[in-house]
Amino acid sequence: MSSAHGSWPSPLTSADLAAAGVRIDGARFAADGIWWSESVPQERGRMRVLRTAPDGTVHEVLPAPWSARSRVHEYGGGAWTVADDGTLFFVDGDDQRVRRWDPEAVAPVPLTPSGAQYGGLRLQQGRLFAVREDLRPDPHVRAIVEIPVDGSGAEDDEAVRVIVSHGGFYAHPALSPDGSRLAYVLWPDTRMPWDAALACVVDLASGADGAIPSRAALQPEWVSDDELLFADDATGRWNLHRARIGAQPAPPIPTPPATREDFSRADADTGGGLWVLGQRWFRILDDGRILAVRTNGSDSLVLLDRDGALLRELDVPFDADLSLEDARGSRVLVTGQGRRVTPGLWELDVDAGTVRAIRAGDAVDPAWVPGARPVTFAGPHGPVHAFDHAPANPGVRAEAGALPPYIVQVHGGPTAHATGAQASWITAFTSRGIGVLEVNYGGSTGYGRAYRERLDGQWGVVDVDDVLAAAQGLADAGIADPARIAIRGGSAGGWTVLSALVRGGVFAAGIDRYGVVDLRLLAEETHDFERYYLDGLVGPLPEAEQTYIDRSPLTHADRIDVPVLILQGADDAVVPPSQSEAIRDALAARGVRHEYLLFPGEGHGFRRAETIIAAAEAELRFLGEVFGFDPAP
């Protein structure tokens, strides 16, 4: 059957997209089973906890209305953990109190008072550590704390022990095997963790505290009572480093720099942007071997010996957004996704070489999802990396000589990256004859610090130049119809969408999902975690105020002359609705074709099934109207 691009019949409906929008937050071995947390879009994005029983059946251990969701740093993460006997500890999504749910109990009991919020929970040797964020005082107070598991701190802030609280932000608490010291990551509140973060160690008896020299440390883990393994990008790539901690409690004494630098060096990243708490890029196995993620655009898994030497790369079906959640013996729980599998949770046996899908992680049909093609375009600031998802539908032939419309997808962050992984929202477009190009513009992670630092002081310049170069490259290569290329992105990606439309000349339409439009307004309204993010991306205020004005799409809204679809969450604290409404009003004042959809109850990113459905239907309808095709039902 021959059909116009965009009108190809697809098996994917908007309801399918909502059902596929499951997010997994962590996984653990416990109580003779495997435990994990996942979102339920049909229940307003509630995060439930499930477990497998020895007979393989799946049971819900955190039922409605309970939801394990943290709001620390706004992006959360690490909202639950479980003891070996099946005792569940979780952050309640409604009031942010930590609760304990004992096996066979009918309801959980609170462990922390109301008021502060918690995340990055870690249960070690029966002791529960967490990152605490208290937004009640001004300035706000953050700390790593130990929470009494017996409930004695349920109504008493003082009973929740503060381990460290120097100011700044915290992540990755890790208890030494002898229980005497705690390692953690600290970065100042004026920087972002991928710019400058320290690996630190505190003596729990004396409180003596010290930092290991590091540039952008991640995930300290104890090898022994006096040896730490952690990721750092001192060489321009996040590689694993080793530090030996001296007998004196402070300051810790690291190994000589040469030893650290030589431990598992690779031209790839074991690490990434620390947006959420609880992600793990490596695991130390029981016998001392190390399983690690290495990212160079896409992810791979490598097995190292105890001294960091490469043993082998593992053959696994998943290659994107990987987190090594837990390990027992040679078995490791891995969450992530891939170019040929759906997002999911797998059990990997390193020695047996087997991979078993626990939740989702299904192989996709290559006739519908042939896999993204890594591509590179020449840009004014150097090569621009991207992933091309070409239209694919085994039941349809394109009209002779016709080139497909394309969506240039811009990831958020901007310190993040697209992985080329299969995603239902992408297949919903490609199966209908619309291509998708995911662009990792300068500033993206996954290609080293130098690539990431291209964006320093140049947000709104480098990212825009790169997406324009990629779109033009598509057209010049005869891959996309040059008259039908749209640009789509959310959050920081929405900023790049609007900034590119201001430039004009390449994109025929834009889809802005909760994007930034006014830098000065963002600086005033955004949350603490990103309060100084703009200092590095644009410049400090008030010195750089004119740059803020000149770069903001709102300043130049009169240059936007193509249709724009704007999607926004009403409860977004990261990019408030005032941003989207400002560009909406500017477009309306000039009579530029636009549509604005505000979704009640949604924050920064859409979680509810009804929102996912409405947004997907609006985007397809919008593109059909702009590009002149009739979407198939």
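All residue numbers refer to position in the chain's written sequence, counted from 1. Local features in this predicted model are restricted to residues of pLDDT 70 or higher, and side-chain atom pairs are both shown and tallied only at a pLDDT of 80 or more, whereas totals for entire chains, interfaces and linings draw on every residue. Remark: hydrogens and water are excluded; side-chain values derive from all non-hydrogen atoms of the structure.

Observations regarding helix α5 (residues 462-476)
How we decide: Only DSSP runs of H or I reaching four residues or more are called helices, and only runs of E reaching two or more are called strands; each is numbered from the N terminus. By this rule the span expected of a helix is its residue count minus one, scaled by 1.5 Å. Only protein chains enter the accessibility calculation, which uses a 1.4 Å probe; a residue whose area is less than 20% of its type maximum is buried, one above 50% is exposed, and one in between is partly exposed.
Compared with the 21 Å implied by 1.5 Å per residue over 15 residues, the 21 Å span of α5 between its first and last C-alpha is a close match. α5 sits mainly inside the fold: 13 of its 15 residues count as buried. Of the residues flanking the end of α5, it is G478, one or two places downstream, whose phi is positive at about 70°.

Describing the nonpolar core
The condition is simple: In this text, buried Ala, Val, Leu, Ile, Met, Phe, Trp, Tyr and Cys residues form a nonpolar core when linked through side-chain atoms within 4.5 Å. We call two residues in contact whenever any of their non-hydrogen atoms come within 4.5 Å of each other.
Ranked by internal contacts, the top residues of the largest apolar core, which has 98 residues, are L240, L437, V439, W459 and F507. In terms of residues, this core owes the most to one element, α5, which gives 8 residues. Here F507 is in contact with V408, V467, L468, A471, I485, A486, I487, A500, L501 and V562, once residues within four sequence places are set aside. Ranked by size, the runner-up nonpolar core spans 26 residues in total, among them A30, L111, L121 and A130.

Section: the packing of α5 against helix α6 (residues 492-503)
Definition in use: To obtain an axis, a line is fitted to C-alpha atoms, over the contacting stretch when the element is a helix, and the angle between two such axes runs from 0 to 180 degrees between their N-to-C directions. Between 65 and 115 degrees an angle is taken as roughly perpendicular, under 35 as roughly parallel, over 145 as roughly antiparallel, and anywhere else as oblique. Basically, the charged four are Asp, Glu, Lys and Arg, the nonpolar ten are Ala, Val, Leu, Ile, Met, Phe, Trp, Tyr, Cys and Pro, and anything else, Gly included, counts as polar.
One can describe the packing of α5 onto α6 by two numbers: an axis separation of 9 Å at closest approach and a directional angle of 70°. Regarding the angle of α5 to α6, the classification is roughly perpendicular. Of the residues in α6, those touching α5 at D463, V464, D465, V467 and L468 are W495, T496, S499, A500 and R503. Tallied by class, residues from the contact of α5 with α6 come to 5 nonpolar, 2 polar and 3 charged.

A look at the side chain of E347
Here is the rule: The term polar contact refers here to a pair of N or O atoms within 3.5 Å; inside protein, the definition further demands a hydrogen-donor-capable atom paired with an acceptor-capable atom, and it admits residues adjacent in sequence only when both atoms are side-chain atoms.
Note that E347 resides in strand β27 (residues 344-349). Only 2.6 Å separates the side chain of E347 from the side chain of R331, close enough to count as a polar contact. What E347 contacts, discounting residues up to four positions off in sequence, is F29, I34, R331, V332, L333, T354, V355, R356 and I358.

Description of the pattern of salt bridges
To be explicit about the condition: For salt bridges, the criterion is a side-chain nitrogen of Lys or Arg within 4 Å of an Asp or Glu carboxyl oxygen.
Tallied over the entire structure, the rule returns 42 salt bridges. A salt bridge links R48 to E60; the shortest N-O distance between them is 3.9 Å. One end of the pair, R48, is in strand β4 (residues 46-52); the other, E60, is in strand β5 (residues 58-62), and 12 residues separate them in sequence. In this structure, E221 engages R122 in a salt bridge whose closest nitrogen and oxygen atoms are separated by 2.8 Å. Note that E221 is positioned in strand β18 (residues 218-224) and R122 in strand β10 (residues 117-124), a separation of 99 residues in sequence. Residue classification places E221 among the buried residues on the basis of a relative accessible area of 10%. Residues joined in a network through salt bridges with shared partners are E38, E43, R46, R48, E60 and R359.

Observations concerning unusual backbone geometry
Along the chain, A64 connects to P65 via a cis peptide bond; the corresponding omega equals 10°. Along the chain, the position of P65 falls in the loop between β5 and β6 (80-82). Residues L541 and P542 are joined by a peptide bond in cis, for which omega reads 5°. Its place among the elements puts P542 in the loop between α8 (533-537) and α9 (545-551). At D32, a residue that is not glycine, the phi angle is positive and equals roughly 60°. The class for D32 is exposed, based on a relative accessible area of 70%. With a phi close to 75°, E104 is a non-glycine residue in the positive phi region. By secondary structure assignment, the location of E104 is in the loop between β8 (98-101) and β9 (109-110). The class of E104 is exposed, set by a relative accessible area of 79%.

Notes on the packing of aromatic side chains
We apply this condition: Centre distance within 6.5 Å is the pairing criterion for rings of Phe, Tyr and Trp, where only the six-membered ring of Trp is used; planes under 30 degrees apart are then read as stacked, over 60 as edge-to-face, and the remainder as tilted.
What the rule picks out here adds up to 18 aromatic pairs. On the basis of an interplanar angle of 80° and a centroid distance of 6.2 Å, the ring pair of W425 and F429 is categorised as edge-to-face. Placement of both W425 and F429 in helix α3 (residues 424-430) is noted, with a separation of 4 residues, approximately one turn of the helix. Exposure remark for W425: the relative accessible area of 24% places this residue in the partly exposed category.

With respect to the sheet that holds β10
Note the cut-off: Strand pairing follows a simple DSSP-based rule, namely that at least 2 bridges must link the two strands.
Taking strand neighbours across the sheet as the criterion, the 4 strands line up as β10-β11-β12-β13 in an open arrangement whose pairing is antiparallel. Among the strands making up the open sheet, the edge pair consists of β10 and β13 (161-164). Strand-to-strand, the axes of this sheet are offset by a mean angle of 30°, without reference to chain direction. Here strand β12 (residues 141-147) pairs with β13 via 3 bridges, running antiparallel. When the bridges of β13 are listed, E146 appears paired with R161.

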